[in-house]
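This is what each chain is made of:
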Amino acid sequence: DNTTDYDYQQVDVTLTCDPAFLMPRTWHLQQVRAQQLYMLPDRDVALNGALLAAQTEASRATIMLTARADGQILTETTHDIRILARNEWGGLAGLPDILAAFVLPNDPAVARVLRSASDILREAGQSPSLEGYQGDKARVWAQAQAIWCAVCGLNLTYVNPPASFVESGQRIRLPAQIYDERLATCLDTTVLFAACLEAAGLRPVIVLTQGHAFAGLWLAGQDAMTSVVQDLPGIRNRLKLDDLRVFETTLVTAAQKPGFSVACERGEITLRNISDDDEAFRAVIDIYRARLRRIRPLSTLEIGR
């Protein structure tokens, strides 16, 4: 914003940071006239993937923006940034649908769960294929139920999540770590189920309420039309229309593990017991829509080992 009475032939705006989690970039602005507000047309910047992939603990960084003309600094500003650990979600206070990055359909542990689900379908006298939406809703339900049974077979132990994790985030155990340690919070089990459903060609959702998370899926090739949904009445309507199912994922950690239909009943009861104006409902994250927004899964490196 040139608040002076001077016309500049060229102004160079440079972005740098310390540590260098962003690649430096300079914008060359031509003919910045007096009293002119100039909007940068392209604000895309490149991340330093190697540095971020090695981030094992949260840390602080500083971003610096400097405007220069005729060899002199016109103005500069700094912003403090918190860099999260690679396996840490920042919560709804940040970018809510970035949670989809922790849904890893290509994790090796997901493939092992799907193989177990396929065997379960075969033993039940059904097709062992996990073909997504190529069949009817009953077939989609059968695939999700088989995945439920396969995860139950892992005999996971429940771990209490951090307080206020929905707002402020938490570290997430990704599928390989869950498979090895057999420990999981509600968000861990939710992300695991979402990854398995997505790997099977289905479209999962993540439901976030105050202090809790659980999973769901579309029973046909539909979606929420947006990656973050905060319309609770609309979600309940989709449940009534049999377009959507939600299920309580922590029941896989129970000593006596219930069937998938019981888990779905518990999930729907949770949403029914929240009034439309109750702040206990926080959001639904539609993973398919998040992918359309270019929120890709994290690469499957060894995380948190």
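Residues numbered from 1 in each chain as written. Predicted model: local features only at pLDDT ≥ 70, side-chain atom pairs only at ≥ 80, totals over all residues. Heavy atoms only, no water.

Bringing helix α6 (residues 186-199) into the picture now. Its 14 residues place the ends of α6 20 Å apart at the C-alpha level, agreeing with the 20 Å of an ideal helix rising 1.5 Å per residue. The buried count for α6 comes to 13 of 14 residues, which makes it a mostly enclosed element. G201 sits one or two positions beyond α6 and adopts a positive phi of about 90°. (Helix = DSSP H or I, 4+ residues; strand = E, 2+ residues; numbered from the N terminus. Expected span 1.5 Å × (residues − 1). Buried < 20%, exposed > 50% of the residue type's maximum accessible area, 1.4 Å probe, protein only.)

This paragraph deals with the packing of helix α7 (residues 232-240) against helix α8 (residues 260-272). Two elements in contact, α7 and α8, have axes separated by 11 Å at closest approach and are oriented at 145°. The hand of the α7/α8 crossing is left-handed. Each of L232, I235, R236 and L239 in α7 lies in contact with α8, whose residues at this interface are E268, L271 and R272. Counted by class, the contact of α7 with α8 contains four nonpolar, no polar and three charged residues. (Axes fitted to C-alpha atoms, helices over the stretch in contact; angles between N-to-C directions. Left-handed = near helix turned anticlockwise from the far one by under 90°. Contact = heavy atoms within 4.5 Å. Nonpolar A, V, L, I, M, F, W, Y, C, P; charged D, E, K, R; others polar.)

Counted at 1.5 Å a residue, the expected span for helix α3 (residues 137-152) with its 16 residues is 22 Å, and the 22 Å between its end C-alpha atoms agrees. Among all positions in α3, only R139, V140, A142, Q143, A144, A146, I147, W148, A150, V151 and C152 are buried. Capping the start of α3 is the job of one residue whose side-chain oxygen sits 3.3 Å from the backbone nitrogen of A138: D136. (Polar contact = N/O pair within 3.5 Å; in protein donor to acceptor, adjacent residues only side chain to side chain.)

Applying the stated criterion to the full structure yields 18 salt bridges. With a shortest N-O distance of 3.2 Å, D243 and R238 are connected by a salt bridge. Across the pair E268 and R245 runs a salt bridge whose closest N-O atoms are separated by 3.7 Å. Of this pair, E268 sits in helix α8 while R245 sits in strand β12 (residues 244-247); the two residues are 23 residues apart in sequence, bridging distant segments of the chain. The network of salt bridges with shared partners includes D242, R245, E268 and R272. (Salt bridge = Lys/Arg side-chain N within 4 Å of Asp/Glu carboxyl O.)

This next bit is on the sheet that holds strand β2 (residues 25-32). One open sheet accounts for four strands, arranged β2-β1-β3-β4; its pairing is antiparallel. Each end of this open sheet is capped by a strand with a single partner; those strands are β2 and β4 (72-83). Averaged over all pairs of adjacent strands, the angle between their axes in this sheet comes to 15°, without regard to strand direction. Strand direction decides the pairing type here: strand β3 (residues 59-69) and β4, joined by 11 bridges, are antiparallel. By the bridge assignment for β4, T66 is matched with E76. (Pairing = 2+ DSSP bridges.)

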